[in-house]
Amino acid sequence: MMKRNLTTHHSATLSAMERQEEDEDRVKLFGFWSSPYVYKVEWALRIKGIQYDYIEENLENKSDQLLEYNPVHKKVPVLIYQGKPIAESEVILEFIDEAWKHHGDRILPEDPYDRAMARFWVRFGKDTLSPPIWKWFTTQGQEQEAAYAAAVEQLQILEKELDGKRFFAGEKMGLVDLSLGPFSYIIPIYEEITGVKLIKEEKLPSLLAWMDNFLNSSIVREHLPPMDKLKLRCQAIREAFLKNTN
Amino acid sequence: MEKATENAKNPAPAAPVKLLGSWASSYTHRVQLALRLKGLEFEYKEEDLGSKSEELLRLNPVHKKVPVLVHGGRALPESVVILQYLDDAWPETRPLLPADAFDRALARFWCHFADDKLGPAVGAVFASTGEEQEAAVRQVHENLALLEAELRDGAFRGRRFFGGDEVGFLDVVLGCGSYWLAVFEEVTGARLVDADAFPLFHAWLRDFEALDDVRETIPAVDRLLEYARGVRHMLLGLAGAGGAANPADEAPVAAPPAAATDIAVDI
């Protein structure tokens, strides 16, 4: 069972000197309970067997530390290692694989072409698949129908890529699985709230199986967000969006 | 993706390299420059983006875009993916990314910044006028200020290039695109890279553009100006089109309405 030390964020900023005195080899992660990007990083740390201190941020009242460590985007997740911050989940995942190369399983494949394609699919998930899924969840009527169709089109591309494999990376999960992983619990929540099925067995059987494989993997099933709380949050988000567009 | 045969799993680095690209695409220039910096020979094929070849559509079926690198019968799309592939597949050549894991993370972070924030902001300036453009210009300045701060007293302080004494991954990514800034200033009248406001960024860009490999890669300014004028004319002529960049495109400039092709200026 991975140890995750909970720390409430400091209300006063630590001085630079004090920070240096802290154990610099200790890994720290700034996160938020519902952020899928944070979970990707946490699963990666678990794959590598890395212990870390977790700091829960209040995104409506961000800590001075977070703002100092990620001044450009002011977002979570931010990983701190040896006193230095790394931001953006994609970047953090590659960093984790490189910094702890000889710990646990590799997150990226060895072969140059496979590495390249793993990066390609991560980008695909972010730039091409996420937007229509988000749009589908936050709209209604014709706009929602169009987004739904676009989302299914992109999912079919993924389905073809997955092609019956257990994970995108093969027998064990890898970068693409971690990156797309949150969809395995987010999409069912969206389906429940909207009352519409996005991932249908007859059209996307590999993806459906993959979602199951992912959620039931030892790494993931031990660390998932609280689903009831997440569903309420998603519901509130959808309602806020629908209200704004009327 | 295109997989010629099972045997092509690990193509010998000596297998021929082919690049499909477009002369005005800064994403294409990134790959051309990277190949030159590494001393790798390649065959270049110019694609007409208004009439894409069957080969391009087959090699990049998901996005149908340039650049695409073909090596040992396998196709790789997306400039940032390709650049890292070049390092991985030819480890004996001059590396683009730094050796240290943290420095690599920094380079990747700012690469995303260039493509996800700065690029679209510059594209928005190019695709708009009036108040909308002014807002876009402010956005570009904010983004450049962040880079300037990193050059001045952040991760890249004291360096001639982002990669250090020599150009690296981030220089290639940022540099192949930043030459559009001067072109856009000329074409739109907006002031983007003020030498007074962004002295270090300005100096870096000047040094980058003076390199032989870069001069060989980037088209003559006249051609770029003519091209940009044409695109802007078309973008504004198709009126109503706001500065909203389509996040799915590799071309961050506002995607013109469906009728137009991706004759878009890349940053």
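Residues numbered from 1 in each chain as written. Chains lettered and ligands numbered in written order. Predicted model: local features only at pLDDT ≥ 70, side-chain atom pairs only at ≥ 80, totals over all residues. Heavy atoms only, no water.

Asker: In this structure, what is going on with the overall build of chain B? I would like to understand it.
Answerer: Of regular secondary structure, chain B possesses nine helices and four strands. Scanning chain B from its N terminus toward the C terminus, one meets helices and strands in the order β-α-β-α-β-β-α-α-α-α-α-α-α. For chain B, buried positions account for 56% of its 267 residues. Taking contacts inside chain B between residues at least 6 apart in sequence as the whole, the part at least 24 apart equals 69%. Just so you have it, chain B exposes about 11,200 Å², and 50% of that area is on carbon and sulfur atoms. (Helix = DSSP H or I, 4+ residues; strand = E, 2+ residues; numbered from the N terminus. Buried < 20%, exposed > 50% of the residue type's maximum accessible area, 1.4 Å probe, protein only. Contact = heavy atoms within 4.5 Å. Areas by Shrake-Rupley, 256 points an atom, 1.4 Å probe, with all protein chains shown as cover.)

Asker: What's the story with the confidence of the model for chain B in this structure? I'm lost.
Answerer: Parts of the model with low pLDDT should not have their predicted coordinates read in detail. Residues and elements named next belong to chain B. When pLDDT is averaged along chain B, the result is 87; 84% of the residues meet or exceed 70. Within the model, the stretch residues 241–267 combines pLDDT values under 50 with 77 contacts to residues more than four positions away or in other chains. As a predicted assembly, this complex carries a pTM of 0.88 together with an ipTM value of 0.89. (pLDDT = per-residue confidence, 0-100.)

Asker: Can you walk me through the pairing of strand 2 (residues 43–46) of chain B in this structure?
Answerer: A regular strand places its side chains on the two faces of the sheet in alternate fashion. Residue and element names in this part refer to chain B. Alignment of strand 1 (residues 17–21) against strand 2, held across four bridges, turns out to be parallel. Bridge pairing in strand 2 links Leu-19 to Tyr-44. A crossover connection joins strand 1 to the parallel strand 2 through helix 1 (residues 26–37); in handedness this β-α-β unit is right-handed. (Pairing = 2+ DSSP bridges. Right-handed = clockwise from strand over helix to strand, strands pointing away.)

Asker: Would you mind going over the UniProt feature "domain: GST N-terminal" (unreviewed entry) in chain B with me for this structure?
Answerer: The positions UniProt marks with the feature "domain: GST N-terminal" (unreviewed entry) are residues 15–94 of chain B. Strand forms 21% of residues 15–94 of chain B and helix 36%; the C-alpha atoms that close the span are 18 Å apart. (UniProt positions renumbered as here; feature names shortened; annotations may be inferred.)

Asker: Would you take a moment to explain the UniProt feature "domain: GST N-terminal" (unreviewed entry) in chain A for this structure?
Answerer: Under the local residue numbering, the UniProt record ascribes the feature "domain: GST N-terminal" (unreviewed entry) to residues 25–104 of chain A. In the segment residues 25–104 of chain A, helix accounts for 38% and strand for 22%; the C-alpha atoms at its two ends are 18 Å apart.

Asker: I would appreciate a short explanation of the pattern of salt bridges in the present structure.
Answerer: Pairing is possible between side chains that carry opposite charge, provided their charged atoms lie close to one another. Throughout the structure, instances matching the rule amount to 32 salt bridges over all chains. The partner of Lys-172 of chain A in a salt bridge is Asp-105 of chain A, with the nearest N and O atoms 3.3 Å apart. Highlighted residues: Lys-172 of chain A in the loop between helix 6 (141–162) and helix 7 (175–180) and Asp-105 of chain A in the loop between helix 4 (89–99) and helix 5 (112–138), separated in sequence by 67 residues. Owing to a relative accessible area of 36%, Asp-105 of chain A belongs among the partly exposed residues under this scheme. Here Arg-36 of chain B makes a salt bridge to Glu-216 of chain B, at a shortest N to O gap of 3.6 Å. Highlighted residues: Arg-36 of chain B in helix 1 and Glu-216 of chain B in helix 8 (residues 212–217), separated in sequence by 180 residues. Among the residues examined, Arg-36 of chain B registers a relative accessible area of 27% and is labelled partly exposed. (Salt bridge = Lys/Arg side-chain N within 4 Å of Asp/Glu carboxyl O.)

Asker: Can you help me understand the pairing of strand 5 (residues 84–87) of chain A in this one?
Answerer: Residue and element names in this part refer to chain A. The pairing of strand 4 (residues 78–81) with strand 5 spans four bridges and is classified as antiparallel. Across the sheet, the residue bridging to Leu-79 is Ile-86, located in strand 5. The antiparallel hairpin formed by strand 4 and strand 5 contains two residues in its connecting segment, where Gln-82 sits at a positive phi of about 55°.

Asker: Any chance you could explain the interface of chain A and chain B here in plain terms?
Answerer: Where interface size is quoted, it is often the accessible area lost as the parts come together. Each partner contributes residues to the interface: chain A has 30 residues there, and chain B has 31 residues. Joining chain A to chain B, the criterion identifies eight salt bridges. Residues Asp-116 of chain B and Arg-123 of chain A are paired through a salt bridge, measuring 3.3 Å at the closest nitrogen-oxygen approach. At the junction of chain A and chain B, the tally comes to nine residue pairs in polar contact (both at pLDDT 80 or more). The set of elements that each furnish at least two residues to the side of chain A that touches chain B consists of strand 5, helix 4 and helix 5 of chain A. The element that contributes the greatest number of residues to the side of chain A that touches chain B is helix 5 of chain A, accounting for 14 residues. (Polar contact = N/O pair within 3.5 Å; in protein donor to acceptor, adjacent residues only side chain to side chain.)

Asker: Looking at this structure, how should I read the packing of aromatic side chains?
Answerer: Geometrically, a pair of aromatic rings is defined through the distance of the ring centres and the angle of the planes. Applying the stated criterion across every chain, the model contains 27 aromatic pairs over all chains. Aromatic side chains Trp-23 of chain B and Tyr-227 of chain B sit 5.4 Å apart centroid to centroid with 70° between the ring planes, which places their arrangement in the edge-to-face category. Of this pair, Trp-23 of chain B sits in the loop between strand 1 and helix 1 while Tyr-227 of chain B sits in helix 9 (residues 221–237), and the two are 204 residues apart along the sequence. Their ring planes at 40° and their centres at 6.3 Å tell us that Trp-180 of chain B and Tyr-227 of chain B sit as a pair that is tilted. With Trp-180 of chain B in helix 6 (residues 169–188) and Tyr-227 of chain B in helix 9, this residue pair connects regions lying 47 residues apart in the sequence. As far as the burial class goes, Trp-180 of chain B and Tyr-227 of chain B line up, both buried. Within the aromatic cluster, the residues linked to one another by ring pairs are Trp-23, Phe-126, Tyr-179, Trp-180, Phe-184 and Tyr-227 of chain B. For the cation-ring pair, Lys-229 of chain A lies above Trp-33 of chain A, with the distance from its terminal atom to the ring centre recorded as 4.3 Å. (Phe/Tyr/Trp six-rings, centres within 6.5 Å; stacked < 30°, edge-to-face > 60°. Lys NZ or Arg CZ within 6 Å of the ring centre and 35° of its normal.)

Asker: What is the right way to look at the confidence of the model for chain A in this model?
Answerer: In the predicted model, chain A carries a mean pLDDT of 92, and the fraction of residues at 70 or more is 90%. For residues 8–12 of chain A, every residue scores under 50 in pLDDT, and the model assigns this stretch eight contacts once sequence neighbours within four places are set aside.

Asker: In this structure, what is going on with helix 1 of chain B? I would like to understand it.
Answerer: Note: α-helices contain 3.6 residues per turn, so residues at a spacing of three or four share the same orientation. Residue and element names in this part refer to chain B. In a regular helix each residue adds 1.5 Å, so twelve residues correspond to 16 Å; helix 1 covers 16 Å between its end C-alpha atoms and thus fits that length. Counting buried residues along helix 1, eleven of its twelve residues qualify, which places the element largely inside the surrounding structure. Taken residue by residue, helix 1 has Ser-26, Tyr-27, Thr-28, His-29, Arg-30, Val-31, Gln-32, Leu-33, Ala-34, Leu-35 and Leu-37 as its buried positions. Of the residues trailing helix 1, Gly-39 is marked for its positive phi of about 70°. (Expected span 1.5 Å × (residues − 1).)

Asker: Would you mind showing me how to read the environment of Ile-86 of chain A here?
Answerer: Residues and elements named next belong to chain A. Inspection of the secondary structure assignment puts Ile-86 in strand 5. By relative accessible area, which is 4% here, Ile-86 ends up buried. On a C-alpha basis, the gap between Ile-86 and Val-38 in space is 13 Å, while along the polypeptide they are 48 residues apart.

Asker: Mind showing me how you'd approach unusual backbone geometry here?
Answerer: Outside of glycine, negative phi angles account for most residues, and trans bonds account for most peptide bonds. Here the amide bond leading from Val-76 of chain A into Pro-77 of chain A is cis, since omega sits at 0°, within 30 degrees of zero. By secondary structure assignment, the location of Pro-77 of chain A is in the loop between helix 3 (64–69) and strand 4. A cis geometry characterises the amide bond from Val-66 of chain B onward to Pro-67 of chain B, with omega recorded as 0°. By secondary structure assignment, the location of Pro-67 of chain B is in the loop between helix 2 (54–59) and strand 3 (68–71). Even without being a glycine, Asp-163 of chain A presents a positive backbone phi close to 50°. As for its position among the elements, Asp-163 of chain A is in the loop between helix 6 and helix 7. At Lys-64 of chain B, a residue that is not glycine, the phi angle is positive and equals roughly 60°. Inspection of the secondary structure assignment puts Lys-64 of chain B in the loop between helix 2 and strand 3.

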